[in-house]
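Descriptive analysis of the structure
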Amino acid sequence: MQLWNKGFEPDKLIEKFTVGKDQELDLRLAKYDVQGSMAHIKMLESIGLLTKEELDILLPALEEIAQSIEKGDFKIDEGVEDVHSQIEFMLTNKLGDIGKKIHSGRSRNDQVLVDLKLFFRDEIKKIAEACDKLFVRLQNLSEEHKDKLMPGYTHLQIAMPSSFGLWFGAYAESLTDDLQILLAAYKIANQNPLGSAAGYGSSFPLDREMTTNLLHFDNPHYNVVAAQMSRGKTEKAVAAAIAAIASTLGHLAMDVCMWMCGNFGFVSFPDELTTGSSIMPHKKNPDVFEIMRGKCNRLQSIQNEIALLTANLPLGYNRDLQLLKDIIFPATSELIECLEMADFMLEHIRVKSDILDDKLYDYIFTVEDVNRLANQGMPFRDAYKKVGMEVQNKTYKPTREVHHTHLGSVGNLATSQIAAKKNSILSQFK
Ligand code: ARG
């Protein structure tokens, strides 16, 4: 049965094709659908479209549905299109005509939009929390291992001294840039589309400021057409933030895979966190980080999927928009899962000491020695040439001394400044 049923049953094949995965995916929207409806009916009462008595009957009935959602008992019945229809049918079955009144001045188009905005607001906050947890883990590791040097590479050739302090700390600071993008997505999501109805407003005198306050949005999405256009646009912003974080995390996963490789051996994990081979008895594989790298690469593709799905759609609601849920819903969960897994793995990471004592890394110190000579008064270009000739003649002997003191370098990680930067971004997610 459809909300829009006018006396004929749509073909079952058509129904199955158009409903798609909504019955499953909409369960994630159920709690927000109730919140949106509660705000909407309070507003309807305030403008005289519902009586106080009717509101007092509807609100507890919605509260009861909210509790069944919370308990996990709520489901969308066979033959019901989506969560919006299910909740309206439940109210109408229970309350008769009063249930039928709640949809005044509203369309499922702005109803699903408001559900999505509330959903994204919560998911974004969950992502921000997971990023914060990983950030703290990375900074703690950075401080713990700040004196352990490792080779820095350019062109994947040994280049200059780096350290585990720099390496862990780099990913922490990189996450703060991603959090900025996430904050932008949060600000775009945190605007109220309710009242845009089918996309062109309503002749009822809807109080959109009231629902904005009740649902704690920053502001209404004022122009009703712009509000409808935000479907797809909000998802794109969220996908860009997901892609930014996934890119950082995928990069970290790649480093770990490489540093775990026997040729490097810079980091390792307890046996039970590695995986084996069915034929090679010696293998301790980094499957966790490989799966993470793969998932993170895939998560970066959803921006394109969304861009293509929404490219050139005519203005106003189009059913194509429903498919956005298939793309973005699994992505938020998958990203959070990857962030939590990275945090779990890093809790157990073991880091190799004295890596640079190996002769393999002698040339890592050439710039240190050039700078030492320059500090003693030799012009930089002459010092460069002197050390360069020693390398060429194979007479170069590294001093193995590393003196980096400037801000953000091996000897001055700026941990607290980076944490302050992160905290100032996080404080803007209300
Ligand atoms: N399931 C639909 C969606 O996600 C709900 C809105 C339906 N609106 C409509 N005009 N058919 O987009």
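A brief look at the structure comes next. (Residues numbered from 1 in each chain as written. Predicted model: local features only at pLDDT ≥ 70, side-chain atom pairs only at ≥ 80, totals over all residues. Heavy atoms only, no water.)

1. Here's the deal with the pattern of salt bridges
Counted by the stated rule, this structure contains 29 salt bridges. Here Asp97 ties to Lys100 by a salt bridge, and the two come within 3.3 Å at their closest N and O atoms. One end of the pair is Asp97 and the other is Lys100, both in helix α6 (residues 97-100) and 3 residues apart, which spans about a single turn. A salt bridge links Glu334 to Lys295, with the shortest nitrogen-to-oxygen separation between them at 3.5 Å. (Salt bridge = Lys/Arg side-chain N within 4 Å of Asp/Glu carboxyl O. Helix = DSSP H or I, 4+ residues; strand = E, 2+ residues; numbered from the N terminus.)

2. What about the nonpolar core?
Residues Trp167 and Val267 are the most contacted members of the largest nonpolar core, which totals 116 residues. Those residues in contact with Trp167 that sit more than four places away from it in its chain are Met150, Leu252, Asp255, Val256, Trp259, Val267 and Ile349. (Core = buried A, V, L, I, M, F, W, Y, C linked by side-chain atoms within 4.5 Å. Buried < 20%, exposed > 50% of the residue type's maximum accessible area, 1.4 Å probe, protein only. Contact = heavy atoms within 4.5 Å.)

3. A closer look at the state of the cysteines
Tallied over the entire structure, the rule returns 0 disulfides. Of all cysteine sulfurs, the one in Cys257 lies closest to Cys261, which takes part in no disulfide; the gap is 10.0 Å. Unpaired in this structure, Cys338 has its nearest cysteine sulfur neighbour in Cys296, at a distance of 4.5 Å. (Disulfide = S-S within 2.5 Å.)

4. Some remarks on the packing of helix α12 (residues 302-310) against helix α13 (residues 324-347)
Across the interface, α12 lies against α13 with an axial gap of 10 Å and an inter-helix angle of 165 degrees. With respect to their mutual orientation, α12 and α13 come out roughly antiparallel. Remark: the crossing between α12 and α13 carries left-handed chirality. For the pair α12 and α13, the contacting residues are Ile302, Glu305, Ile306, Leu309 and Thr310 in the first and Leu324, Ile327, Ile328 and Ala331 in the second. Among the residues making up the contact of α12 with α13, the classes are represented as 7 nonpolar, 1 polar and 1 charged. (Axes fitted to C-alpha atoms, helices over the stretch in contact; angles between N-to-C directions. Parallel < 35°, antiparallel > 145°, perpendicular 65-115°, else oblique. Left-handed = near helix turned anticlockwise from the far one by under 90°. Nonpolar A, V, L, I, M, F, W, Y, C, P; charged D, E, K, R; others polar.)

5. Comments concerning the side chain of Ser68
Following the sequence through the fold, Ser68 ends up in helix α4 (residues 52-71). Taking relative accessible area as the criterion, Ser68 reaches 16% and is therefore assigned buried. Look past the residues within four positions of Ser68 in its chain and what remains in contact with it is Asp73 and Phe74.

6. Section: the pairing of strand β1 (residues 149-154)
Relative to strand β2 (residues 157-163), β1 runs antiparallel, the two sharing 6 bridges. Each bridged residue has a counterpart across the sheet, and for Pro151 the counterpart in β2 is Pro161. The turn linking β1 back onto β2 is made up of 2 residues, and His155 within it adopts a positive phi angle of 55 degrees. (Pairing = 2+ DSSP bridges.)

7. What to know about the site of the ligand
Every residue close to the ligand is listed here: Asp22, Asp82, Arg108, Asn109, Val112, Arg231, Tyr317, Gln322 and Lys325. One of the side-chain nitrogen or oxygen atoms of Tyr317 is found 2.5 Å away from an oxygen atom of the ligand. In the model, an oxygen atom of the ligand is placed 2.9 Å from a nitrogen or oxygen of the Lys325 side chain. When the free accessible area of the ligand is taken as 340 Å², the share hidden by the protein chains comes to 85%. With 3 residues, the single largest contributor to the shell around the ligand is helix α7 (residues 108-144). When its residues are assigned to classes, the shell around the ligand shows 2 nonpolar, 2 polar and 5 charged. (Near = heavy atom within 4 Å. Polar contact = N/O pair within 3.5 Å; in protein donor to acceptor, adjacent residues only side chain to side chain. Areas by Shrake-Rupley, 256 points an atom, 1.4 Å probe, with all protein chains shown as cover.)

8. A look at the packing of aromatic side chains
Applying the stated criterion across every chain, the model contains 18 aromatic pairs. Taking 5.4 Å as the distance between ring centres and 35 degrees as the angle between the ring planes, the aromatic pair formed by Phe269 and Phe289 counts as tilted. In this pair, Phe269 is assigned in the loop between β5 (267-268) and α11 (287-299) and Phe289 in helix α11, connecting sequence segments 20 residues apart. Note on Phe289: relative accessible area 1%, which makes it buried. Members of the aromatic cluster, joined through ring pairs, are Tyr153, Phe164, Trp167, Phe168, Tyr171, Trp259, Phe264, Phe266 and Tyr361. Over the aromatic face of Phe217 sits the side chain of Arg121, whose NZ or CZ is 4.9 Å from the ring centroid. For the cation-ring pair, Arg381 lies above Tyr384, with the distance from its terminal atom to the ring centre recorded as 4.7 Å. (Phe/Tyr/Trp six-rings, centres within 6.5 Å; stacked < 30°, edge-to-face > 60°. Lys NZ or Arg CZ within 6 Å of the ring centre and 35° of its normal.)

9. What to know about unusual backbone geometry
Phi is positive for His155, which is not a glycine, with a value near 55 degrees. Mapped onto the elements, His155 comes out in the loop between β1 and β2. A relative accessible area of 75% means that His155 is categorised as exposed. One non-glycine residue, Ala197, lies in the positive phi region at around 55 degrees. Among the secondary structure elements, Ala197 is positioned in the loop between β3 (191-192) and α9 (208-214). Take Ala197: its relative accessible area is 5%, and that puts it in the buried class.

10. Considerations on the environment of Phe168
Inspection of the secondary structure assignment puts Phe168 in helix α8 (residues 164-189). Residue classification places Phe168 among the buried residues on the basis of a relative accessible area of 0%. The spatial distance from the C-alpha of Phe168 to the C-alpha of Phe135 is 9.3 Å, given a sequence separation of 33 residues. For Phe168, the contacting residues outside a window of four places in its chain are Leu138, Leu141, Ser142, His145, Leu346, Ile349 and Val351.

11. Focus: the side chain of Asp110
Along the chain, Asp110 turns up in helix α7. Here Asp110 occupies a buried position and makes no salt bridge, while the nearest side chain of opposite charge, Arg106, is found at 5.6 Å. A distance of 3.0 Å separates a polar side-chain atom of Asp110 from the backbone nitrogen of Ala197. For Asp110, the residues in contact, after removing those within four places along its chain, are Pro193, Leu194, Gly195, Ser196, Ala197 and Gln228. (Lys, Arg positive; Asp, Glu negative; His and termini not counted.)

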